[in-house]
Amino acid sequence: MARSKDTNGSVLPRGKKPIYKNQWFFLLLAEIVLAVITGSINPRFFAISNITNILEQIAVLGILASGMTMLIISGEIDISVGANIGLVSCVIAMMIKNDVNYLWIVMVALGLAAFNSLLVGASSLIFKAPSFITSLGFLSVFRGTAYAITKGVFQTIYGKFEALGLTRLWGVLPLGFLIGILIYLVTHFLLKYTKIGRHFYAVGSNPAAAYLSGISIFKTKLLAFLINGFLVGLASMILLSRVGAAQPTTGSGLELRAIGAVVIGGTPLSGGKGHILGTFFGVLLMGIISNTLNMLRVNPYFQEVVFGLFIVASLAVSAFSAYSGKGVLKRRLKKD
Amino acid sequence: MSGETLVEMKNIVKIYGEHKVLKNVDFDLRAGEIHCLVGENGAGKSTLIKILSGAVMPDSGEILILGKHVRALNPRLAIELGITTVYQDAELVDSLTVAENVFLGNELKSRVPLKVNKRKQAEEARRIFGRLGINLDPDEYVDNLSTAQKQMLQIAKALHRSARVIIMDEPTSSLGLEETRALLTLLKSLRNQGLGIIYISHYLSEVFEIADRLTILKDGEKVGTYSSKEIDVGTVIKKMVGRDTAMFFQRRSVQIGEPLLIVKGLTKNEIVKNVTFDVRKGEVFGIGGLVGSGRTELVSMIYGALKPDSGEILLNGQKIVSRSPLDAMKKGICFVSEDRKKYGILPGRNLVENIMVVKNNLSKGFFLNLNEEVALSSQMVRKLSIAVTDRDQLIEELSGGNQQKTIIGRWLLNTDAKLFIFDEPTKGVDIGAREQIYEIILELAERGKGIIMVSSDMPELLSMSDRIGVMRNGEMKIILENRDVTEEQLIRLFIGV
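Only a predicted model underlies this, so the values are computations on that prediction, with no experimental measurement involved.

J.: Help me understand the overall build of chain B in this model?
T.: The helix and strand tally for chain B stands at 17 helices and 20 strands. For 497 residues, the compact-globule estimate of 2.2 N^0.38 gives 23 Å, and the C-alpha radius of gyration of chain B, at 25 Å, lies within 12% of that figure. With respect to the three principal axes, the spread of C-alpha positions in chain B is 75 × 55 × 45 Å. In chain B, 70% of the contacts between residues at least 6 apart in sequence involve partners at least 24 apart.

Following this line, the structure appears as structure tokens:
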């Protein structure tokens, strides 16, 4: 493949970006260091069952983070995905309890989640409000609806619908994780090899220039929300299947973890940049940190604190990398 | 008549990238005078006053205010030193009343702690307005004021803060006749009260009405400072233009065919009024005029980025309606925008993606052909000799000229192109790249494309255009055959004297 491009090599050679300049490389290093430290304190960390456990836990987060990566690259965001999961899992849990056909359940899960995500996107685009704000509003709408339909009651599905979340191939590889990997691959393919992916980058990078180059900003961004919605629906099913029960607060907090994983993976919130590979390692880091905290028996309440700080730290990283090229920060520091 | 020297600027130099926009300019302002700055678009007038108001730092030179050296001037310091710049819109809080805006930052306190004495502020404001002879209701919200009233309010606010120097940049460009009169009268009375006023305007009639002295700038250099009594309009215009011929590009002639684009009575509220013209195959149709004369809006309508209120557009004899840029693109209309940073480049993306964005949009299908992308981009890089190190280099890392060539390259890949619109094609581009861009334009003309070239650059218009349409106040006043037209004639038409 490289040889066929050699004819053009004279004017446009491949870039030679050293591997250590990639954000994912740092994440990988951090993960190895973290794993070695945790493993030396608690050898059970490296047990097959624990690794399987980590993979199972990050499957849902990975699927959400893939959708979020596309949204953030398009210059949008959706902080209602956690509430969206809550609503969708409550609805399908009630359907499962009533033994509705699985085909219907899958369709409702995907359809409802996509509809919700489109609501967030369309309201943002039509009212010209930041999607951060409209999704904040819809977060409350989704969660409130979930409370209303369940009357706040825990929806247990009594072991039905287990296959998706609890199947382990050859006893070790969780099916959910494989689905997650598949989603990463599809996202990567979409971003790199299709027109749609290119449009995501373009509208996130400079909407005015994209529009004048003939890209419909409305359609492109709405499509990003639609894809995000489908992935939320898929994540809801896997989560419900694994946990076996749903309540309105199911999924709350996942949106922040997903955004944190995307941002620490090197996709800046300003849009127009980013890769799914970074997101993959960002999600993995989240999973390892969570597992480490459990292994080291950190109080679960403090785990929340750690995640919050982690997300703030990832935003700081994003801010520094966004400014570093332009020297804005430097100038500001000089002035003071 | 002329009092003490308020402001003195010596040897001011300002460089933007590769461009020297001010070359050792001297300027001074005395108390009790109106000093006008004149020159073409891009002569450096606005940069000079931005330096004085602290918004821009000069690269070298001295600034003396009231005889004292000032280093590191910033906007706040400038205001403290008594220099106020009146902008067209900014600087006022729309949701507060007129009086509250005058006293913003140093409110009059009432006896109750932390409470503002609104009544006293209103009275005080009324007194200031009375002294200036301007008619403003202190209790009106600023939101409801006209542009002219806002400018007057800013002047009043400045005087309340005991400003000694007032700078106005094109204050009358969006004012009606009455309002202009009132503003000029106000400025004259301020001068008589001993203030120094720096006034920038393209409208030489205004300049000659109020100026005591005027300074002419050309291509970043000062031509001279003259008393308005010792100089006349004709001489000023001559001094504003008149370059050496090195600035002109010698183009070859191209066979001109039948009409390609016909625009009939195109209108958009007050911005573009009933514009009619045509562009023929192989022709470079230049559109000139002052900034804000409606040129960009006119071409945006042809490209579908702006919806016209009325009028029609015919391409190859067929009536077309460009509903969106995508629609226009598909019909073969290409548009290189004037502001590359805002409307052209996709920052954070590499050269290949930036070149391919149009072509990819026009091609059918879902997948990208990455090999073809690299091949076509390489072809463009070679053809336009874009300086780029590798295919991952980001567009913002290239120089201005290379960015502009990249964006032009984007449109050259539109294989169905019939009409090319270039809005300020060489703005912020160095000489070498500039000639290359002219070559590309001529090559397109030779292939029978129609070219519309909007430009503020006189030599560019005169050396490239077959015909020149002059826009003034939203109307296309005249279409000139570009034979023996001089810069002087052209600027007269732009300004309308």
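J.: What's the story with the overall build of chain A in this structure? I'm lost.
T.: A tally of helices and strands in chain A yields 14 helices and four strands. The C-alpha atoms of chain A give 21 Å as radius of gyration, which agrees with the globular expectation for 336 residues (20 Å, within 12%). Considered along the principal axes of its C-alpha atoms, chain A spans approximately 65 × 55 × 55 Å. Put simply, of all contacts in chain A between residues at least 6 apart along the chain, 80% involve residues at least 24 apart.

J.: How should the sheet that holds strand β4 (residues 60–65) of chain B be read in this particular structure?
T.: Pairing between the strands of a sheet is mediated by backbone hydrogen bonds and can be parallel or antiparallel. Residues and elements named next belong to chain B. Judged by pairing direction, the sheet is antiparallel, and its four strands sit side by side in the order β2-β1-β4-β5 without closing on themselves. Only two strands of the sheet have a single neighbouring strand rather than two, namely β2 (19–30) and β5 (68–69). Examined bridge by bridge, strand β1 (residues 5–16) and β4 share five bridges and lie antiparallel to one another. Considered in β4, the bridge of Glu8 is made with Leu64. Each of β1 and β2 is contacted by helix α1 (residues 45–52), which is oriented at about 120 degrees to β1, the strand it contacts most.

J.: I'm lost on the nonpolar core in this one. Help?
T.: For soluble globular proteins, the rule of thumb is that nonpolar side chains tend to be buried together. If you look at the biggest cluster of nonpolar residues, it comprises 217 residues, and the most contacted ones within it are Leu64(A), Ile166(B), Ile421(B) and Ile441(B). Considering every element that reaches this core, the biggest residue donor is helix α2 (residues 48–73) of chain A, with 14 residues. With near-sequence residues (within four places) excluded, Ile441(B) lies in contact with Val284(B), Phe422(B), Ile451(B), Met453(B) and Met464(B).

J.: I keep staring at the interface of chain A and chain B and nothing clicks. Help me out?
T.: For interface size, the figure often reported is the accessible area lost on association. In this assembly, 29 residues from chain A lie in contact with 34 residues from chain B. Among the elements of the structure, α8 (195–205) and α9 (207–212) of chain A are those that each provide at least two residues to the side of chain A that touches chain B. The residue inventory of the side of chain A that touches chain B, partitioned by class, reads 12 nonpolar, 10 polar and seven charged.

J.: For this particular structure, what's the right way to read the domain arrangement of chain B?
T.: When cut into domains, chain B gives domain 1 (5–245) and domain 2 (246–495). The C-alpha centroid of domain 2 of chain B is placed 35 Å from the C-alpha centroid of domain 1 of chain B.

J.: Just checking my understanding: could you explain α1(B) for this structure?
T.: In an α-helix there are 3.6 residues to a turn, and that puts residues three or four apart on one side. All names here are of chain B. Where burial is concerned, most of α1 is hidden: six out of the eight residues are buried. When α1 is considered as a whole, its buried residues turn out to be Lys45, Thr47, Leu48, Ile49, Ile51 and Leu52. One or two residues past the end of α1 sits Gly54, with phi positive at roughly 85 degrees.

J.: Help me understand the sheet that holds strand β13 (residues 284–289) of chain B, please; the structure alone is not making it clear to me.
T.: Residues and elements named next belong to chain B. The mixed open sheet is built from six strands, whose spatial order is β16-β17-β18-β13-β19-β20. Where the open sheet ends on each side, the last strands, each with one partner, are β16 (333–336) and β20 (475–481). Across this sheet, the average inter-strand angle for adjacent strands is 20 degrees, counted without regard to direction. As defined by bridge partners, β13 adjoins strand β18 (residues 450–454) across four bridges and the pair is classed as parallel. Its bridge partner being in β18, Phe285 is matched across the sheet by Ile452.

J.: Just to check I follow, could you spell out the pairing of β16(B) for this structure?
T.: The side chains of a regular strand alternate, residue by residue, between the two faces of the sheet. All names here are of chain B. Where burial is concerned, the two faces of β16 agree: the one with Ile333 and Phe335 and the one with Cys334 and Val336 are both buried. Looking at chain direction, β16 and strand β17 (residues 419–423) are connected through four bridges and run parallel. Its bridge partner being in β17, Val336 is matched across the sheet by Phe422.

J.: So what exactly am I meant to see when it comes to α2(A) here?
T.: All names here are of chain A. Between the first and last C-alpha of α2 there are 35 Å, a value that for 26 residues agrees with the 38 Å anticipated at 1.5 Å per step. Maximum bend of α2: about 35 degrees, positioned at Ala59. Of all 26 residues in α2, 19 are buried, a share of seventy percent or more.

J.: What should I look at first to understand the pairing of strand β7 (residues 165–169) of chain B in this one?
T.: Residues and elements named next belong to chain B. In terms of burial, β7 is a largely internal element, four of the five residues being buried. With four bridges connecting them, strand β6 (residues 83–86) and β7 associate as parallel partners. Following the sheet pairing, Thr85 is matched in β7 by Ile167. Pairing of β7 with strand β8 (residues 196–200) involves five bridges; the strand directions are parallel. Opposite Met168, over in β8, you have Tyr199 as the bridge partner.

J.: In this structure, what is going on with the packing of helix α11 (residues 254–264) of chain A against helix α12 (residues 276–295) of chain A? I would like to understand it.
T.: A pair of packed helices is captured by two measures, namely the crossing angle of their axes and the spacing between those axes. Residue and element names in this part refer to chain A. Between α11 and α12, whose axes approach to 7 Å, the crossing angle comes to 125 degrees. In terms of orientation, α11 and α12 fall into the oblique class. The hand of the α11/α12 crossing is right-handed. Of α12, the residues touching α11 (which contributes Arg257, Gly260, Ala261, Val262 and Ile264) are Thr279, Gly282, Val283, Leu285 and Met286. Class assignment of the residues belonging to the contact of α11 with α12 gives a composition of six nonpolar, three polar and one charged.

J.: In this structure, what is going on with the confidence of the model for chain B? I would like to understand it.
T.: Interpretation of this model should avoid reading the predicted coordinates in detail wherever pLDDT is low. Overall, the predicted model of chain B reaches an average pLDDT of 86, with 96% of residues at or above 70. Taken over the whole predicted complex, pTM reads 0.78, whereas the ipTM for its chain interfaces reads 0.82.

J.: Is there a simple way to explain the environment of Leu145(B) in this structure?
T.: All names here are of chain B. Inspection of the secondary structure assignment puts Leu145 in the loop between α4 (118–132) and α5 (147–160). Residue Leu145 is classed as partly exposed on the basis of its 19 C-beta neighbours within 10 Å. Spatially, the C-alpha atom of Leu145 lies 48 Å from that of Gly432, the residues being 287 residues apart in sequence. Other than its neighbours up to four places away in sequence, Leu145 contacts Glu140, Lys150 and Leu153.

Criteria and cut-off values
- Residues numbered from 1 in each chain as written.
- Chains lettered and ligands numbered in written order.
- Predicted model: local features only at pLDDT ≥ 70, side-chain atom pairs only at ≥ 80, totals over all residues.
- Helix = DSSP H or I, 4+ residues; strand = E, 2+ residues; numbered from the N terminus.
- Rg over C-alpha atoms; globule rule 2.2 N^0.38 Å.
- Contact = placed C-beta atoms within 7 Å.
- Pairing = 2+ DSSP bridges.
- Axes fitted to C-alpha atoms, helices over the stretch in contact; angles between N-to-C directions.
- Core = buried A, V, L, I, M, F, W, Y, C linked by C-beta atoms within 7 Å.
- Buried ≥ 20, exposed ≤ 12 C-beta atoms within 10 Å, placed from the backbone.
- Nonpolar A, V, L, I, M, F, W, Y, C, P; charged D, E, K, R; others polar.
- Domains from an automatic or database assignment.
- Expected span 1.5 Å × (residues − 1).
- Bend = angle between axes of the 7 residues up to and from the residue.
- Parallel < 35°, antiparallel > 145°, perpendicular 65-115°, else oblique.
- Left-handed = near helix turned anticlockwise from the far one by under 90°.
- pLDDT = per-residue confidence, 0-100.

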